[in-house]
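Structure at a glance
Spelled out, the chains give:
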Amino acid sequence: MDVVAACRAFVAVSGHGSFTSGAAAAGIPQSVASRRIAALEEHFGARLFDRSSRAVRLTSFGQDMLPSARRLVDLADAMGDDAERARLRPLRVAVPDICPPRRLADLMVAARRQQIHLEVRPAGPAERERLCQTLEVGAAIVAVPEATASWRVPLGLAARTPFPAPTVFLETLRSGRARTQARRRILIQPEDDVAHLRDPLTRAGASAGLVPAQVAVAPSLVDAAAAALGSPDLLLCSRQQAEDFGLHWCPLAGPRLLRGYDVAAGVREDLDQLSTVLDGDIARCLGAPDGHPEPSGGRTLGDRATGDPA
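Quick caveat, the model's predicted, so the values are computed rather than measured.

Rules used throughout
Residues numbered from 1 in each chain as written. Predicted model: local features only at pLDDT ≥ 70, side-chain atom pairs only at ≥ 80, totals over all residues. Heavy atoms only, no water. pLDDT = per-residue confidence, 0-100. Helix = DSSP H or I, 4+ residues; strand = E, 2+ residues; numbered from the N terminus. Phe/Tyr/Trp six-rings, centres within 6.5 Å; stacked < 30°, edge-to-face > 60°. Buried < 20%, exposed > 50% of the residue type's maximum accessible area, 1.4 Å probe, protein only. Arc of directions from axis to C-beta. Disulfide = S-S within 2.5 Å. Contact = heavy atoms within 4.5 Å. Pairing = 2+ DSSP bridges. Axes fitted to C-alpha atoms, helices over the stretch in contact; angles between N-to-C directions. Parallel < 35°, antiparallel > 145°, perpendicular 65-115°, else oblique. Nonpolar A, V, L, I, M, F, W, Y, C, P; charged D, E, K, R; others polar. Core = buried A, V, L, I, M, F, W, Y, C linked by side-chain atoms within 4.5 Å.

Quick look at the confidence of the model for the chain
Parts of the prediction with low pLDDT should not have their coordinates interpreted in detail. When pLDDT is averaged along the chain, the result is 88, and 90% of the positions lie at 70 or above. Strand 7 (residues 186–188) holds the highest mean pLDDT among the elements of the chain, 98, whereas strand 12 (residues 299–300) holds the lowest, 60.

Some details on the packing of aromatic side chains
As enumerated under the stated definition, the model contains three aromatic pairs in all. Each ring, one from Phe-10 and one from Phe-49, has its centre 5.6 Å from the other, and the planes form 80 degrees; the classification is edge-to-face. Linking Phe-10 in helix 1 (residues 3–16) with Phe-49 in strand 1 (residues 49–50), this pair joins segments that are 39 residues apart in sequence. Residue class for Phe-10 comes out buried when judged on its relative accessible area of 1%. Arranged with centres 6.3 Å apart and planes meeting at 65 degrees, the rings of Phe-44 and Phe-61 form a pair that is edge-to-face. Linking Phe-44 in helix 3 (residues 30–44) with Phe-61 in helix 4 (residues 60–88), this pair joins segments that are 17 residues apart in sequence. Taking the relative accessible area as the measure of exposure, Phe-44 reaches 35% and is therefore partly exposed. Cluster of aromatic residues (ring-pair linked, three or more members): Phe-10, Phe-19 and Phe-49.

Focus on helix 6 (residues 125–133)
Those residues of helix 6 lying buried are Pro-125, Arg-128, Glu-129, Leu-131 and Cys-132. Along the long axis of helix 6, the arc covered by the buried residues comes to 165 degrees, so they all point the same way. Phi for Leu-135, located one or two positions after helix 6, is positive at around 65 degrees.

Structural notes on the state of the cysteines
Considering all chains together, one arrives at zero disulfides under this definition. Here Cys-250 is not disulfide-linked; the sulfur of Cys-237 is the nearest cysteine sulfur, at 11 Å. Note on Cys-250: relative accessible area 2%, which makes it buried. Between Cys-285, a free cysteine, and Cys-99, which holds the nearest cysteine sulfur, the sulfur-to-sulfur gap is 3.9 Å. What makes Cys-285 buried here is its relative accessible area of 4%.

Things to note about helix 8 (residues 221–230)
Looking at helix 8, one finds that the buried residues are Leu-221, Ala-224, Ala-225, Ala-227 and Ala-228. Summarising the axial view, the buried residues of helix 8 lie within an arc of 160 degrees, below the 170-degree limit, and thus occupy one face. Counted as exposed and oriented over 90 degrees from the buried face of helix 8: Val-222 and Gly-230. Those residues of helix 8 hidden inside the fold are in contact with strand 6 (151–159), strand 7, strand 9 (234–238) and helix 9 (239–245).

Things to note about the pairing of strand 6
For strand 6, the tally of buried residues reaches eight of nine residues, placing the bulk of the element in the interior. Relative to strand 9, strand 6 runs antiparallel, the two being bridged by four bridges. The partner of Leu-157 across the bridge, within strand 9, is Leu-236. Relative to strand 10 (residues 248–251), strand 6 runs antiparallel, the two being bridged by four bridges. Bridge pairing in strand 10 links Ala-159 to His-248.

Focus: the packing of helix 1 against helix 3
Across the interface, helix 1 lies against helix 3 with an axial gap of 8 Å and an inter-helix angle of 110 degrees. Classified by the angle between their axes, helix 1 and helix 3 sit roughly perpendicular to one another. On helix 3, the residues touching Ala-5, Ala-6, Cys-7, Ala-9, Phe-10 and Val-13 of helix 1 are Ala-33, Arg-36, Ile-37 and Leu-40. A breakdown of the residues in the contact of helix 1 with helix 3 according to their chemical character gives nine nonpolar, no polar and one charged.

Describing the nonpolar core
Counting residues in each nonpolar core, the largest one holds 38 residues, and the members touching the most others are Leu-118, Ile-141, Trp-151, Leu-235 and Leu-274. Top element by residues in this core is helix 8. It accounts for five residues. Ignoring any residue separated from it by four or fewer positions in sequence, one finds Leu-235 in contact with Gly-156, Leu-157, Ala-158, Leu-187, Gln-189, Leu-221, Ala-224, Ala-225, Ala-228 and Leu-247. In this structure, Leu-157, Phe-163, Ile-188 and Leu-257 belong to the second largest nonpolar core, which totals 22 residues.

Right, here's the structure in full:
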């Protein structure tokens, strides 16, 4: 027997003084209301209504049980309301602050189609890790090395003028002994200021004969892009970012640099929603090319971190 449904019928009939009106108010047929109340009476071993007259009246036992039945119905309704609010509660996700607003909006729309209510919080790599660890967000798209990434974004150099070759060799950025030309810098945006991207580029630059100042971290993506637009400096970025800024993009001959991203979440359910249900939508938001490798599955906060600190 469904005790809540039976109590709901009991409360409705008692409030209307009629099986017909009470059943209509409860949204069930009269026969169903009668069966549910009869089952409740059998369960308690006593009659709830006096059916000896045309009017439906509570027995003394029914009068004593009515307050408890009302509390049970009210509690069930409140529980239903709480469940609905819980389903609609947003999943707060820290995302790279380089994601274009339009693509973030598309991600949120795609999530809502899957009954997932996302609330995105753009932040840099270290801040995303912190927000997830402190549970200020439920999940984060974190920066990880290529080998452990669910999404991979190839990086290259972007400039205001076209490149003379299909790839860029770092050796071509060396200034000659005459130093008639200013040294062209490679500017690293904060999103790529992580050890698995910054350090290989710095080492490769030193091996190619670049001076240390030629590989520098910019204060922000806007600062780096402005330098690339207004000077011979080069911006380390994805092809998508270069197109957004109207810059010419070219891959590096070496080292091979790829942004790696994975999901970190407090609970497995949130992890699964982001890494499987929204996998393709997140890839488009990050600028990862189609056909990226199989997702790693992400990690919960109880797992050992796979990413390196910024």
